[in-house]
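Listed below, chain by chain, are the residues.
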Amino acid sequence: MPDEELLTVPEVMARLQLGRSKVYDLIRSRRLPSVTIGRSRRVPASALREFISHRLAEAA
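Starting from 1, residues in each chain are numbered consecutively following that chain's sequence as written. Side-chain atom pairs in this predicted model are given and counted only at pLDDT of 80 or more, local residue features only at pLDDT of at least 70, and totals for whole chains, interfaces and linings cover all residues. Remark: hydrogens and water are excluded; side-chain values derive from all non-hydrogen atoms of the structure.

## Quick notes on the nonpolar core
Nonpolar side chains in soluble globular proteins generally cluster together in the buried interior. By size, the foremost hydrophobic cluster in this structure holds 13 residues, and its most contacted members are Val12, Leu16, Val23, Ile27, Leu32, Val43 and Leu48. Secondary structure elements are taken from DSSP: a helix is a run of H or I of four residues or more, a strand is a run of E of two residues or more, and numbering for both begins at the N terminus. Residue assignment for this core shows that the elements contributing at least two residues are α1 (9-16), α2 (20-28) and α3 (45-59). Per-element accounting of this core gives the leading share, 4 residues, to α1. Two residues form a contact once any of their heavy atoms are found within 4.5 Å. The residues touching Leu48, leaving out its near neighbours within four places in the chain, are Leu7, Val12, Arg15, Leu16, Leu32 and Val43. Nonpolar core, defined: a set of buried Ala, Val, Leu, Ile, Met, Phe, Trp, Tyr and Cys residues in which side-chain atoms within 4.5 Å join the residues together. With a 1.4 Å probe rolled over the protein chains alone, any residue whose accessible area is under 20% of its type maximum counts as buried; one over 50% counts as exposed, and the rest are partly exposed.

## Here's the deal with the sheet that holds strand β3 (residues 40-44)
Only strands joined by at least two bridges in the DSSP assignment are considered to pair. Spatially, the 3 strands line up as an open sheet ordered β1-β3-β2, and their pairing is antiparallel. The outermost strands of the open sheet, each flanked by one partner alone, are β1 (6-8) and β2 (35-37). Strand-to-strand twist across the sheet, computed as the mean angle between neighbouring axes with direction ignored, equals 45 degrees. In terms of strand pairing, β1 meets β3 through 3 bridges, oriented antiparallel. In the strand pairing of β3, Leu6 is matched with Pro44. Every angle, taken between N-to-C directions, lies between 0 and 180 degrees, and every axis is a line fitted to C-alpha atoms, over only the stretch in contact when it is a helix. The strands that α1 touches are β1 and β3; relative to β1, the one it contacts most, it runs at about 85 degrees.

## Brief notes about a nonpolar patch on the surface
Each patch is built from residues lacking any salt bridge and having more than 30% relative accessible area; the joining distance is 9 Å for like charges and 5 Å for nonpolar side chains (Val, Leu, Ile, Met, Phe, Trp, Tyr). All accessible areas in this document rest on Shrake-Rupley with a 1.4 Å probe, and a residue is counted as covered only by the protein chains that are shown. Counted as salt bridges are all cases of a side-chain nitrogen of Lys or Arg within 4 Å of a carboxyl oxygen of Asp or Glu. A contiguous nonpolar patch, built from Leu6, Val35 and Ile37 and spanning about 220 Å² of accessible area, is present on the exposed surface. Its location among the elements puts Val35 in strand β2. The exposure class assigned to Val35 is partly exposed, which follows from its relative accessible area of 34%.

## Some remarks on the packing of α1 against α3
Put simply, α1 and α3 touch, their axes get as near as 12 Å, and they point 30 degrees apart. In terms of orientation, α1 lies roughly parallel with respect to α3. Regarding α1 and α3, the two cross each other, and that crossing is right-handed. Of the residues in α3, those touching α1 at Val12, Arg15 and Leu16 are Leu48, Phe51 and Ile52. Taken together, the residues of the contact of α1 with α3 break down into 5 nonpolar, no polar and 1 charged. Roughly parallel covers angles under 35 degrees, roughly antiparallel covers those over 145, roughly perpendicular covers 65 to 115, and oblique covers all other angles. For a crossing to be left-handed, the near helix must be turned anticlockwise from the far one by less than a right angle; the clockwise case is right-handed. As a working rule, the residues Ala, Val, Leu, Ile, Met, Phe, Trp, Tyr, Cys and Pro are called nonpolar, Asp, Glu, Lys and Arg charged, and the rest polar, with Gly in that last group.

The structure is reproduced here in structure tokens:
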């Protein structure tokens, strides 16, 4: 996936309308996959889409 978009935590916060702590809780609990590049945490856009789809399916 060389063209995979990697989102920063603030970008994920904005898209999910959640706070920083909650986003890091999701990452820490492995409900939201992420990668570390240097000292930065990034979330693949596809992982965020999958997370949202899964949550929508649970709510249905």
